[in-house]
Amino acid sequence: MDTEITLKGDRAIEQIPSIKDKALRINLNENIYGTFAEIGAGQETVRHFFRTGGSSGTIAKAMSAYDKDFSDSIYGIEADGRYVTESRLKKMLSHEVNLIEDRLKREKHPSKMFFSYANTVATIDFAKQFKGHGWVGIKYQIEPDEDYNEIIIHIRFKETDARLQQETLGILGVNLIYGAFYKYNDPKRLLRYLYDHLDKDQLEIDTINFSGPRFADVDNRLMSLQLVKNGMTDAVMFNPDGNNILPASILYKKNILALRGSFRPVTKVNMDMYEKSLKMFLEENKVDKDNTLVVFEITLSNLRSDGEIDERDFMDRAELLCSLGQTVMISNFQEYYKVVEYFSNYTKARMGLAMGVNNLIDIFDEKYYRHLSGGILEAFGKLFYRDLKVFLYPMLGEDGEVINSENLKVHPRMKELYKFFKFNGKVIDIDDFDPQHLEIFSREVLKMISKGKPGWEKLLPIGIAELIKKDQLFGYDPNKILETN
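This write-up is about the structure you can find in this document. Just so it is clear, the model here is predicted, and its values are computed rather than measured.

Regarding the sheet that holds strand β8 (residues 244-245)
Phase 1: The mixed open sheet is built from 8 strands, whose spatial order is β8-β7-β13-β10-β9-β14-β15-β18. Two strands lie at the open edges of the sheet, namely β8 and β18 (427-429), each paired on one side alone.
Phase 2: With 4 bridges connecting them, strand β7 (residues 235-238) and strand β13 (residues 327-331) associate as antiparallel partners. Bridging from a neighbouring strand, Phe238 pairs with Val328 of β13.
Phase 3: Helix α11 (residues 336-344) contacts β7, β9 (255-260), β10 (292-299), β13, β14 (351-356) and β15 (388-393) of the sheet and is inclined by roughly 155° relative to β14.

Rendered as structure tokens:
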């Protein structure tokens, strides 16, 4: 009998099944049965199942409605006339699942787990200006009498060759189908396995949403965090309902006001800065209220404690911001110019950044730009070249004086550069602030909550303290003995 030899110093290596093995395992399962509908990049996913053998027990139908009129007659016409959209993908999945249920009777197939895999994709154009993107999803059952689960992702291609993009899409599709059936109990790992036999340089996944009975306990905001944490994308966004939203669609041609912070927890200062800066932003020329989006941004570095990302702590912050009706962005951008550069991919409209004095002083610190060949000037070119203004919230100095754009101190070498931006109206003070708010600091509030000290409630926006107590966020413990001193 052969026994595998292991040597001292060997490390355990996770065995990743090949794409062929994944497709074959699904094909050989007599209960997995469904359809493939792929538009825009060939029938790349289903090709793997046909080639691996045994596909007749898995594939009920494979189709590709390339012609727009054919596509519209099958799935209906989209209100915006576009084809590579989430709503299009959802219509495809629902339509195909309904057909399966209609055409394959349960009496004849009592043990079948039906599924529908679909994608709607645009690969790179001939001019090679737009690399392409797409929506990919699966709607499927784990038990024959159970309701359907759904996993929907949005991808961006990074390769500059259409044929390579097609192959990448095919591998991703197999990974998604395999993960849906065999890794559904661990969505975080399922997410990582989407990159089996793929590289981050080939593909970006910037949106994912899980739904259905098997994912009833999955919080899609946490899945958003995984995308950034795993390096699958640089930034993700979710709406007040907690659903992940495609950044491109919500940022497109919008006026954007961004507030960066730890929001740990969100305090009256944060909300005062938000309300006052938004009021000033809306008074700017070319800023239309109906076309303005406010984004509360948390950077990944702001989520790390002892080098690790505290997911529970992240969810606490997300819950409070969502309860206030805010759109939240999680990013991997440490420097402000990278945030502005990111927004600039989607809009040329006016932008605003609301920040405290300390943040602005940091922006004028050269040490953050040593990795750039053009140093701080390159960063500032990217930051202020766009139609951007900074709305500056004051802070208290050591002697209790109010520090604003007029009397803040930057490094002597940066003094003239700062004066240039200030003179050109790129930095504007928020004058209409509440002086009492200047003495509120998130870190102090957090200490009061965790130590059971009284009085922290009045430092937070209306309703937030009640939410912290109800859900016991940020280490709040109702049984903790209150310190009266």
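Considerations on the sheet that holds strand β1 (residues 32-39)
Phase 1: Taken together, 6 strands build an open sheet; the order of strands is β2-β1-β3-β4-β5-β6 and the sheet is mixed. Whereas interior strands pair on both sides, the edge strands pair on one side only; in this sheet they are β2 (59-63) and β6 (203-211). Along the sheet, successive strands turn relative to each other by an average axial angle of 10°, direction set aside.
Phase 2: Judged from the 8 bridges that link them, strand β5 (residues 149-157) and β6 form a sheet pairing that is antiparallel. Note on β6: the bridge partner recorded for Ile153 is Ile208.

Focus on helix α14 (residues 415-423)
Phase 1: Within α14, burial applies to Leu417, Tyr418 and Phe421. One side of α14 holds all its buried residues, which, seen down the axis, span an arc of 100°. Turned more than 90 degrees away from the buried face of α14 sit Glu416 and Phe423, all of them exposed.
Phase 2: Elements in contact with the buried residues of α14: α12 (357-363), α13 (375-384) and β18.

Quick look at a positive patch on the surface
Phase 1: Together, Arg443, Lys447, Lys451 and Lys453 give the surface a local cluster of positive charge.
Phase 2: Tracing the backbone shows Lys453 in the loop between α15 (442-451) and α16 (464-471).

Points about the pairing of strand β3 (residues 113-122)
Phase 1: Most of β3 is tucked away: 9 of the 10 residues are buried.
Phase 2: The sheet contact formed by β1 and β3 spans 8 bridges and is parallel. Residue Ala37 lies in a different strand from β3, and its bridge partner there is Ala118.
Phase 3: In the sheet, β3 pairs with strand β4 (residues 133-140) via 8 bridges, with the strands oriented antiparallel. Looking at the pairing, Ala122 lines up with His133 of β4.

Parameters and conventions
Residues numbered from 1 in each chain as written. Predicted model: local features only at pLDDT ≥ 70, side-chain atom pairs only at ≥ 80, totals over all residues. Heavy atoms only, no water. Pairing = 2+ DSSP bridges. Helix = DSSP H or I, 4+ residues; strand = E, 2+ residues; numbered from the N terminus. Contact = heavy atoms within 4.5 Å. Axes fitted to C-alpha atoms, helices over the stretch in contact; angles between N-to-C directions. Buried < 20%, exposed > 50% of the residue type's maximum accessible area, 1.4 Å probe, protein only. Arc of directions from axis to C-beta. Patch = residues over 30% accessible without salt bridge, like charges linked within 9 Å, V, L, I, M, F, W, Y side chains within 5 Å. Areas by Shrake-Rupley, 256 points an atom, 1.4 Å probe, with all protein chains shown as cover. Salt bridge = Lys/Arg side-chain N within 4 Å of Asp/Glu carboxyl O. Lys, Arg positive; Asp, Glu negative; His and termini not counted. Charge placed at Lys NZ, Arg CZ, Asp CG, Glu CD.

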